[in-house]
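# Topology and contacts: notes
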Amino acid sequence: MTQTLANARRFAEAATIGLLFVASGAAALIYEVLWLKELGLLFGNTAQAAAATLAVFFLGLSLGARAWGRRASHSPNPLRAFALLEVAVAVTALSYFELLDLYAAVYPSLAGALRGVPAAFTAAKLGLAACILLPPSFFMGGTLPYVSQHMVRRRDELGSTVSLLYACNTIGGAIGAFAAAFVLVPALGFSYSYAVAIALNLAVAAIAWTKSARAALPPYEVASQRNEAEPDSRRSGTAATLSAVAFFSGAATLGLEVLWTRMFAQVLHNSVYSFAAILISFLVAIALGAVGAHRLCRVRAAPASVLPLLLIVAGIAAGVSPFVFHAVTDGLQYVAPTAGWWMYVASVFSSAAAVVVPPGICLGLIFPYVLSMAGDEEGVEVGATVGRLASWNTLGSIVGSLACGFAMIELFGLWGSVRAVAAAYLALAVLLLPSGAAGDLRIRAGLAAAMILVLVLLDPARLPVVSVSSADELVREKWETGHSVVAVTQLGRHRRLKLDNYYSLGGTSATAYEEAQADIPLVIHPKPRKVFFLGLGTGITAGAALRHSVEEVTVAELIPEVVEASRRHFGPYVNGLFEDPRVDVVVEDGRQYLLTTDDRYDVIVSDLFIPWQSGAGSLYSREHFELVRSKLRSGGAFAQWLPLYQLSERDFMVIARTMLEVFPEVTMWRGDFLPSHPIVALIGQEDGTRLDPEAVTSNFRVRRSSDDLSRDLAMAFTGLFYAGNIGANRALFAGAPINTDDRPIIEYEAPVAQREQAGGARPWFTSFPLAEFEAKLLRGLQPVDDPYLAELAPGERDYALAGMDLFSAILQRDAGNTTEADRHAETFRRSVPPQVYGVFRKNLEIAEASEEETS
């Protein structure tokens, strides 16, 4: 009876510690997710910035595991020490806010001074990230050694007990990643989500401290000796060998996680939710592998034979994963293209479960099993041993994620990199194979078969990386990088630039529309001499600026391969963009470039960005708009182009309301008259700005290289694209929330809207809803009363109404309402000069003008 009660108390104690470790892991992943987002805003949303942040975070964990592990072995009360570490994490995490504000103030001048020295600039970023992330991650690294020291009672329990602790911490990480992406940030924003993580640390510390005062577990049995009857074959190798295997396991596991994430980026909408789903699936798999290692530790088998077998299985599972992915996605098809939000989320998780979880479990077996092998060493100290191996494992994670994310994927491609990691598992198995027994001969035979399978039969080179819409679409060139897969394809006589298969960055069939994105803001500005473009794409938009009277053009593009693709394949369409001495194309996060430059511009043009793509939401935030306004010269204009065929009405209202918080004058301009694929520009300017008809006429003449173009024609062509005065209709947007860096509404709501639209539950802000909104703008403030149009002649102001009639005619024709279409078309014909009507007549005669047919 006494023994039963003791066992029950011990089980209750272990369960409590396990739950505390789950909570600790959840807090750690919440921090990691938030740090990646926040430092991305400071350092730029580049793959290199994210990699640097993760590297610093893992370095802190590694240093902490090693340093605290040594102390844990001699701690009189490891559980109390664990509680103090949790408090230290909370305190240092709390200081993050002050440090971030400090570095936000220092960073622009530092970056400006070091921009010409890339290595020094990168080192400065790493140094700033280290000051912010190293203290809390250093204390996090000590939690596993101390809790292991508290829980492990005997040397032969080290593997099985620590495996369960590792599983608890990892499953906590999965819970934290889910909470951060799907619950906390959407509901609370970043600051309050951060507060939740801090509160979680403090709660864990309080409970652990309370339990440490009455810890029921007996002290570690230092005198526990190895069973002399146990065969020597049960004993593991040297500490150096185990450290090397731990390092390799971390490198290969994190490397594959990076590669699997890149795989899924080719078939998902790449929002914060998509990336979180892959991370959660990966962490669950690793946790399940640790549970499997716990059970494997109880199997009486020679570890020296089991470990190579685990490596062989992991290598095969990794090598098969590209083929499983190809089968699950039906050859790189977009996942659940017509599913609503929750069905889409379920589809992503189920796809990840099929591709990532099985091999992830195999990978997750290895490191915990290495810990069990360390328990066979004479005189083992639990905390020090766990700390040492965890440190090497985490250092390996840094190397593997950087190697696979950058060097390997560029050298071998996506599929080749997966194959190389799989082969590395098999190579390590060869090195660790024992010699002698018949059982070992069977392992050798299995290894030979695995090597033939992975290196000969499973050749992923035949799998496609770029998906094409038809057999006639040809891939002219592709680049596989740590950031994305960039491809230029050709269908007929037209070329298209694609990012991660399903994101079009533009193409030659839409040349007129892409040029209009430069023409409209440059025509309406009195003297557009110095221009900045945030985003390059094909380069057609920026190239169009060179037909205006500009003196300097700066283009910032995040992805270097996009620049290369534009240079190589869109040269005839970019008006000499890469040869013109007025142009400077910089490969940098556009927001960061503006943050760190002292230049001021007459016009800043922000490209069409996919609203739901991870990182794009920060380009619609109040802080970004404030930064942009600070970089405008007196009388400057900022044009934010919006793809209404990718935005819900609420998303549009949020962006407009946010711009109104920053710019006193905001007007709305059409980029085309397409009913189902419209784009608009919200143009922010200073208070009291008026459209100058003489400047418009002059700019239009320069653009068209025609000195005899009349003012009436210039104003007619310009006025048709004017959709209304947003600033004078502020009441329409009063109920919309403001998108900020701390409350990134667009980044978290746009992906939901995209899936709800695909499932038929929510429409895009196009067609009749858009027409109704534009009519509401004009009803709220007729052109004759619009202060922005005050310098125009009465007839010139009415061209805005003619533009509304043109759009309505095309819209009604597209819907099959011929009578209404004819009525609006006739009104349009009578409202504009014959030359203008002739240009748009073709639009009025077809149901839905395609990009190729309309100019």
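A few points on the structure. Predicted model only: the values in this text are computed from it and were never measured.

### Focus on the sheet that holds strand 9 (residues 632–643)
- Read from one edge to the other, the open sheet built from 8 strands follows the order 7-6-5-8-9-11-10-12, with strand pairing classed as mixed. Strands with a single pairing partner mark the edges of an open sheet, and in this sheet they are strand 7 (583–587) and strand 12 (722–725). Strand-to-strand twist across the sheet, computed as the mean angle between neighbouring axes with direction ignored, equals 20°.
- Both strand 8 (residues 601–606) and strand 9 contribute to a ladder of 5 bridges, which runs parallel. Bridge pairing links Ile-604 to Phe-638 in strand 9.
- Across the sheet, helix 20 (residues 649–662) lies against strand 9, strand 10 (665–670) and strand 11 (679–685), angled at about 15° from strand 11, the strand it touches most.

### Considerations on the pairing of strand 7
- Pairing of strand 6 (residues 552–557) with strand 7, which is carried by 5 bridges, proceeds in the parallel orientation. Within strand 7, the residue paired with Val-555 across the bridge is Val-585.
- Each parallel crossover has a hand, and the one from strand 6 via helix 17 (residues 560–569) to strand 7 is right-handed.

### As for unusual backbone geometry
- If you check the backbone angles, Asp-500 has positive phi at about 50° while not being a glycine.
- Topologically, Asp-500 is positioned in the loop between strand 3 (494–499) and strand 4 (503–507).
- Phi at Ser-705 takes a positive value of approximately 50°, unusual for a residue other than glycine.
- Note on placement: Ser-705 falls in the loop between helix 21 (693–704) and helix 22 (711–719).

### Some details on a nonpolar patch on the surface
- Where nonpolar side chains cluster on the molecular surface, the patch consists of Ile-452, Leu-455, Val-456 and Leu-457 and spans about 380 Å² of accessible area.
- Note that Ile-452 resides in helix 14 (residues 438–457).

### Focus on the side chain of Ser-397
- With respect to the helices and strands, Ser-397 occurs in helix 13 (residues 382–432).
- Discounting residues that sit within four places of it in the chain, Ser-397 has contacts with Gly-250, Ala-251 and Leu-254.

### Observations regarding the packing of aromatic side chains
- Going through the model one piece at a time under the given rule, you end up with 39 aromatic pairs.
- Between Phe-765 and Phe-773, the aromatic rings sit 5.5 Å apart at their centres with planes inclined by 65°, giving edge-to-face as the arrangement. Residues Phe-765 and Phe-773 agree in their burial class; the two are buried.
- Within the aromatic cluster, the residues linked to one another by ring pairs are Phe-178, Phe-182, Tyr-273, Trp-341, Trp-342, Phe-349 and Tyr-748.
- The lysine or arginine in question, Arg-80, covers the ring of Trp-209, its NZ or CZ lying 4.3 Å from the ring centre.
- It is Lys-530 that lies over the ring of Tyr-601; its NZ or CZ is 5.6 Å from the centre.

So, how was this worked out
Residues numbered from 1 in each chain as written. Predicted model: local features only at pLDDT ≥ 70, side-chain atom pairs only at ≥ 80, totals over all residues. Heavy atoms only, no water. Pairing = 2+ DSSP bridges. Helix = DSSP H or I, 4+ residues; strand = E, 2+ residues; numbered from the N terminus. Axes fitted to C-alpha atoms, helices over the stretch in contact; angles between N-to-C directions. Contact = heavy atoms within 4.5 Å. Right-handed = clockwise from strand over helix to strand, strands pointing away. Patch = residues over 30% accessible without salt bridge, like charges linked within 9 Å, V, L, I, M, F, W, Y side chains within 5 Å. Areas by Shrake-Rupley, 256 points an atom, 1.4 Å probe, with all protein chains shown as cover. Salt bridge = Lys/Arg side-chain N within 4 Å of Asp/Glu carboxyl O. Phe/Tyr/Trp six-rings, centres within 6.5 Å; stacked < 30°, edge-to-face > 60°. Buried < 20%, exposed > 50% of the residue type's maximum accessible area, 1.4 Å probe, protein only. Lys NZ or Arg CZ within 6 Å of the ring centre and 35° of its normal.

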